[in-house]
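Residue strings, one per chain:
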Amino acid sequence: MSGSLRCGVEQMTAKVIAIEQLGGPLRVSLENILRMVPDRDRSDVNLQRLLAFRLRIDGEAALKEYLMARIRDAIQCGYSGRLYDYLKSDPRNLDCPPAEEEAPSDPGAA
């Protein structure tokens, strides 16, 4: 393997978050975040990795706010799939708009 290719692979693998090796305050924060996740999705390793990544980037407070909003949107849409899939796709592009975008009722309607 050439030196530049090996360096690129090493940099890429350095960005992967090994949840099993996550320790200290980040581990405690991730456990707090996972308490917000529905029971059926807590053991989803892909979801845990996504949340650990966002935790490192955004911090615990911002991630909690984001996760609450996305879970609320999923409930309002009646989404029943994996939370990971919902978060991975941009739910704002789906056919289910948030409640505040609903059309106002016509006051003249009976």
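Residues numbered from 1 in each chain as written. Predicted model: local features only at pLDDT ≥ 70, side-chain atom pairs only at ≥ 80, totals over all residues. Heavy atoms only, no water.

(A) View of the confidence of the model for the protein chain. Summing up the model confidence of the protein chain, the mean pLDDT is 75 and the portion of residues at 70 or higher is 60%. Within the protein chain, helix 4 (residues 60-77) carries the highest mean pLDDT (92), whereas helix 1 (residues 3-15) carries the lowest (49). Here residues 97-104 is modelled with pLDDT under 50, and outside its nearest four sequence neighbours on either side it reaches 2 contacts, counting other chains as well. (pLDDT = per-residue confidence, 0-100. Helix = DSSP H or I, 4+ residues; strand = E, 2+ residues; numbered from the N terminus. Contact = heavy atoms within 4.5 Å.)

(B) View of the packing of aromatic side chains. Counted according to the given criterion, the structure contains 1 aromatic pair. Ring geometry for Tyr79 versus Tyr86: centroids 4.8 Å apart, planes at 50°, classification tilted. Given the relative accessible area of 32%, Tyr79 is considered partly exposed. (Phe/Tyr/Trp six-rings, centres within 6.5 Å; stacked < 30°, edge-to-face > 60°. Buried < 20%, exposed > 50% of the residue type's maximum accessible area, 1.4 Å probe, protein only.)

(C) Structural context of helix 2 (residues 24-34). Of the residues making up helix 2, those classed as buried are Ser29, Leu30, Ile33 and Leu34. Taken down its axis, helix 2 places every buried residue within 135° of arc, on the same side. Packed against the buried residues of helix 2 are helix 3 (45-58) and helix 4. (Arc of directions from axis to C-beta.)

(D) Summary view of the nonpolar core. With 14 residues, the main nonpolar core has Leu30, Val37, Leu47, Leu51, Leu67 and Leu83 as its most contacted residues. By residue number, the principal contributor to this core is helix 3, which donates 4 residues. Contacts of Leu83, omitting those with residues within four sequence positions, involve Val37, Pro38, Asp41, Leu47, Leu67 and Ile71. (Core = buried A, V, L, I, M, F, W, Y, C linked by side-chain atoms within 4.5 Å.)

(E) Structural detail: the pattern of salt bridges. For the structure on display, the rule yields 8 salt bridges. Between Arg54 and Asp58 there is a salt bridge, with its nearest N and O atoms 2.8 Å apart. Here Arg54 pairs with Asp58, and both are found in helix 3, just 4 residues apart, close to one helical turn. Here Asp58 falls in the partly exposed class, since its relative accessible area comes to 37%. For the salt bridge of Arg70 with Asp73, the shortest nitrogen-to-oxygen distance reads 2.3 Å. Of this pair, Arg70 and Asp73 both sit in helix 4, separated by 3 residues, roughly a single helical turn. With respect to burial, Arg70 and Asp73 carry one shared label: buried. (Salt bridge = Lys/Arg side-chain N within 4 Å of Asp/Glu carboxyl O.)

(F) Just the packing of helix 2 against helix 4, in detail. Packing of helix 2 against helix 4 leaves a shortest axis separation of 11 Å and a crossing angle of 15°. For the element pair helix 2 / helix 4, the angle class is roughly parallel. The element helix 2 and its partner helix 4 pack so that their crossing is right-handed. Across the interface between the two elements, Ser29, Asn32 and Ile33 from helix 2 touch Glu60, Leu63, Lys64 and Leu67 from helix 4. Of the residues belonging to the contact of helix 2 with helix 4, the class tally is 3 nonpolar, 2 polar and 2 charged. (Axes fitted to C-alpha atoms, helices over the stretch in contact; angles between N-to-C directions. Parallel < 35°, antiparallel > 145°, perpendicular 65-115°, else oblique. Left-handed = near helix turned anticlockwise from the far one by under 90°. Nonpolar A, V, L, I, M, F, W, Y, C, P; charged D, E, K, R; others polar.)

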